[in-house]
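Listed here are the chains, written in short residue letters.
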Amino acid sequence: HNLSIGCTSATPRLLLGQAALTDGKVVDAPATLLEWRRAPAVKLLEEKSGLAVEQRAASAGPPTFVVSGLSGGTMSKLRQHASGGRLAILAAASSAAERRLAEALAAPLLRFGFAQLSGVAGLGEDAALWGKCEVSAPCRPPEVWDGRRRVYDTEQSNAYERAMNARPQAWEVRLSDEGQATNCVEVAPRVEVAAHQAAERLLRGRNLDAGATAALQVDWHVGTRLDASCARDFPIRSSKGDPLAAQPPTAFWAEDLSLYPRQLAVLRWLQAIEAGEVAFDERDYADAQLPAVGWHLEAKAGIEGPLRGGVLADALGAGKTVTVIALVAADAEAARRLPLSDSRTSRATLIVVTPLIIRQWEAEIAR
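Residues numbered from 1 in each chain as written. Predicted model: local features only at pLDDT ≥ 70, side-chain atom pairs only at ≥ 80, totals over all residues. Heavy atoms only, no water.

J.: Outline the packing of helix 7 (residues 320-330) against helix 9 (residues 358-366), listing residues and values.
T.: Remark: helix 7 packs on helix 9, axes separated minimally by 10 Å, with the N-to-C direction vectors making an angle of 55°. Considering the angle they form, helix 7 stands oblique to helix 9. Handedness of the crossing formed by helix 7 with helix 9: right-handed. Seen from helix 7, the contacting residues are T321, V322, V324 and I325; seen from helix 9, they are Q360, W361, E364 and I365. Within the contact of helix 7 with helix 9, the residues separate by chemical class into five nonpolar, two polar and one charged. (Axes fitted to C-alpha atoms, helices over the stretch in contact; angles between N-to-C directions. Helix = DSSP H or I, 4+ residues; strand = E, 2+ residues; numbered from the N terminus. Parallel < 35°, antiparallel > 145°, perpendicular 65-115°, else oblique. Left-handed = near helix turned anticlockwise from the far one by under 90°. Contact = heavy atoms within 4.5 Å. Nonpolar A, V, L, I, M, F, W, Y, C, P; charged D, E, K, R; others polar.)

Okay, here's the thing in structure tokens:
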């Protein structure tokens with residue numbers, strides 16, 4: 001068999017021929033010419049269905065999305081996985097229900113376009129403070145230590161696990177009654193569930209008073225994973241023009257050793273943090289995604305307060321060690337006047353370093 005490829009035009013061709021042996025002579029047999037032709041662009045065919053999606057506004061919080069026009073067979077399949085008119089999704093054993101939800105609602109909901117929605121979550125009457133709802137955000141068992149070893153209470157751990165599994169879901173899917181004239185399904189984001197979970201994560205282990213907890217604010221956002229607004233800016237403030245601190249006091253500092261202006265700017269920043277003068281907005285998030293659709297509910301809990309600590313990350317050789325020593329020296333006189341309430345308090349500054357640089361710190365302090 002012979003195979004020849006010809007490119008005599010812009011369109012490539014394949015020539016498939018067959019050679020036959022007749023009476024000792026090679027005779028060309030008829031050939032078939034195959035030509036590639038450019039296929040038309042892929043067309044997306046929209047499925048025609050009688051399903052309609054409506055966005056119903058709520059008095060507070062995000063709206064509810066109603067899908068109507070579902071067939072009786074589809075509703076029957078959904079009701080097989082429903083309890084009390086609600087479809088169980090986002091649970092430990094909800095894969096079958098989520099599959100039915102995807103088959104029935106994914107196409108119309110994905111075709112439905114809605115603007116991104118945002119707002120501030122509000123507490124209802126007699127509702128628990130954000131992060132204090134034991135149903136939506138169960139509290140972890142307290143830490144108990146036996147010397148250097150943490151002890152776990154089995155009963156408390158089991159109760160906490162059961163409470164976590166019983167939490168309400170952040171997306172609620174409600175089915176219309178069986179005798180109702182119109183078959184419809186309501187999809188509603190439950191902001192309060194995600195809000196409590198975000199607030200609990202933010203407040204965990206903080207031991208804040210009731211006033212600080214009440215000042216906590218929770219924002220919510222409903223959209224898709226592909227929303228451009230999900231990309232958040234992260235600006236880094238310039239330190240140019242920052243005020244300078246005074247040179248460390250000579251009672252604790254060598255007179256012939258002065259800090260550079262850039263080091264004094266860092267020292268002033270560290271002193272402001274320790275004095276509680278730098279405000280900081282602490283945030284934590286909780287999110288939930290509607291299965292098979294990709295709609296996204298996000299709750300952000302935030303609380304403003306003084307910045308507690310920080311990181312000094314100057315370049316190598318910029319004098320980070322000497323700047324921290326200057327911070328200790330500048331505060332040494334005031335620290336020595338602090339009252340000692342019991343044996344667990346101290347006026348000292350604790351410096352934790354690796355063994356390799358202990359000698360370096362000792363040399364810098366001596367200098």
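Resuming the write-up.
J.: I'd like a description of the sheet that holds strand 14 (residues 184-189), backed by residues and values.
T.: Pairing is antiparallel across the open sheet formed by six strands, whose spatial order is 6-7-14-13-9-8. Since the sheet does not close on itself, it has two edges, and those belong to strand 6 (52-56) and strand 8 (82-83), each with one partner. Pairing between strand 6 and strand 7 (residues 64-68): five bridges, direction antiparallel. Its bridge partner lying in strand 7, R56 is registered against T64. (Pairing = 2+ DSSP bridges.)

J.: Requested: an account of the nonpolar core, with residues and values cited.
T.: Counting 40 residues, the largest nonpolar core has L105 and V185 as the members making the most contacts within it. Top element by residues in this core is helix 4 (residues 191-203). It accounts for seven residues. For V185, the residues in contact, after removing those within four places along its chain, are F65, V66, V67, L70, M75, L78, L105, V173, R174 and L175. (Core = buried A, V, L, I, M, F, W, Y, C linked by side-chain atoms within 4.5 Å. Buried < 20%, exposed > 50% of the residue type's maximum accessible area, 1.4 Å probe, protein only.)

J.: So, the pattern of salt bridges: which residues are in play, and what are the values?
T.: The final tally for this structure, using the stated rule, is 15 salt bridges. The partner of K300 in a salt bridge is D219, and the shortest N-O contact between them spans 3.4 Å. One end of the pair, K300, is in strand 17 (residues 295-306); the other, D219, is in strand 15 (residues 217-224), and 81 residues separate them in sequence. Of the residues examined, D219 reaches a relative accessible area of 22% and is grouped as partly exposed. Between D281 and R283 there is a salt bridge, with its nearest N and O atoms 3.1 Å apart. On the basis of relative accessibility, which here comes to 32%, the residue D281 falls in the partly exposed class. (Salt bridge = Lys/Arg side-chain N within 4 Å of Asp/Glu carboxyl O.)

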